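Analysis of the macromolecular model
Letter by letter, the chains look like this.
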Amino acid sequence: MDGVELVRRNLSRQRAYYGEVLGDRVRRLMNCYGVSQSQLATTIGISPAMLSQVMSGRRAKLANPAVLARMVLLERRARGDISSASGVQERPVVLHEVGHAADPEAVRDASRLDREHLVAALRDRLSPTELAGAALAVAEVSPTLAELLTSAAPATPPPDPGDRLV
């Protein structure tokens, strides 16, 4: 397989693994936090050369789950008020915190808190019946989403399959 075909295949795999090409995600993080590729690599815990290979498609995936978890943490923190004037001052703090989130428990805790916030938001906006119906409607396409919707409506028995949402 020649180099061009390998890159094309790796970029396709990245879309399948991560939902988009990692180079796009990395560039957004670099722009958001105002850091170089080398600084971002250090923060997420890989070498600048490895990050370059992932970004260019010479490598298909990140081998260490903690590296991806740190990228996701940076993305989540960036969704906050990081672009405001006060957020710009916060960037070094965020980079430091995420760079030191080597403990898998810190990553799991962040994921657990995100899930708890999402479940609370779903409960605030939808009735238990709507949640259960939505879970049933998406179960075949996305079992993970169905489980999340079901967990947001624990007190409601599942709806009758004849009541399926269209």
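Worth saying up front: this structure is predicted, and the values here are computed from it rather than measured. (Residues numbered from 1 in each chain as written. Predicted model: local features only at pLDDT ≥ 70, side-chain atom pairs only at ≥ 80, totals over all residues. Heavy atoms only, no water.)

**Some words on helix α3 (residues 37-44)**
Along α3, the residues that are buried comprise Leu40, Ala41, Thr43 and Ile44. All buried residues of α3 fall inside an arc of 160 degrees around its axis, so they share one side. Once α3 finishes, glycine 45 follows within two positions and takes phi at roughly 95 degrees, a positive value. (Buried < 20%, exposed > 50% of the residue type's maximum accessible area, 1.4 Å probe, protein only. Helix = DSSP H or I, 4+ residues; strand = E, 2+ residues; numbered from the N terminus. Arc of directions from axis to C-beta.)

**Some points on the pattern of salt bridges**
One pass over the structure, following the stated rule, counts 5 salt bridges. Linking arginine 28 and glutamate 20 is a salt bridge whose minimum nitrogen-to-oxygen distance equals 2.5 Å. We classify arginine 28 as partly exposed; its relative accessible area is 45%. Looking at glutamate 20, the relative accessible area reads 24%, which means it is partly exposed. Among the salt bridges present, the one from aspartate 24 reaches arginine 27, with a minimum N-O distance of 3.4 Å. Residue aspartate 24 and its partner arginine 27 are both found in helix α2 (residues 22-33); the two are separated by 3 residues, about one turn of the helix. Aspartate 24 gets classed as partly exposed once you look at its relative accessible area, which sits at 35%. A relative accessible area of 39% means that arginine 27 is categorised as partly exposed. (Salt bridge = Lys/Arg side-chain N within 4 Å of Asp/Glu carboxyl O.)

**Observations concerning the nonpolar core**
With 24 residues, the main nonpolar core has Tyr33, Leu40, Ile44, Leu51, Leu62 and Leu74 as its most contacted residues. Those elements giving two or more residues to this core turn out to be α2, α3, α4 (48-56), α5 (65-78) and α6 (85-99). When residues in this core are grouped by element, the largest group, 6 residues, is from α2. Of all hydrophobic cores here, the second largest spans 10 residues; its members include Val119, Leu122, Ala146 and Leu149. (Core = buried A, V, L, I, M, F, W, Y, C linked by side-chain atoms within 4.5 Å.)

**A word on the packing of α3 against α5**
One can describe the packing of α3 onto α5 by two numbers: an axis separation of 9 Å at closest approach and a directional angle of 115 degrees. Put simply, α3 runs roughly perpendicular to α5. Packed against α3, whose contacting residues are Leu40, Thr43 and Ile44, the element α5 presents Val67, Arg70, Met71 and Leu74 at the interface. In terms of residue class, the contact of α3 with α5 is built from 5 nonpolar, 1 polar and 1 charged. (Axes fitted to C-alpha atoms, helices over the stretch in contact; angles between N-to-C directions. Parallel < 35°, antiparallel > 145°, perpendicular 65-115°, else oblique. Contact = heavy atoms within 4.5 Å. Nonpolar A, V, L, I, M, F, W, Y, C, P; charged D, E, K, R; others polar.)

**Examining helix α1 (residues 3-18)**
Over its 16 residues, α1 extends 22 Å from the first C-alpha to the last, a length consistent with the 22 Å expected when each residue adds 1.5 Å. Those residues of α1 not exposed but buried are Asn10, Leu11, Gln14 and Tyr18. Buried residues of α1, seen end-on, are gathered within an arc of 100 degrees and therefore sit on one face of the element. Set apart from the buried face of α1 by more than 90 degrees, the exposed residues are Arg8 and Ala16. Where α1 ends, the next residue or the one after it, glycine 19, has phi of about 90 degrees, a positive value. (Expected span 1.5 Å × (residues − 1).)

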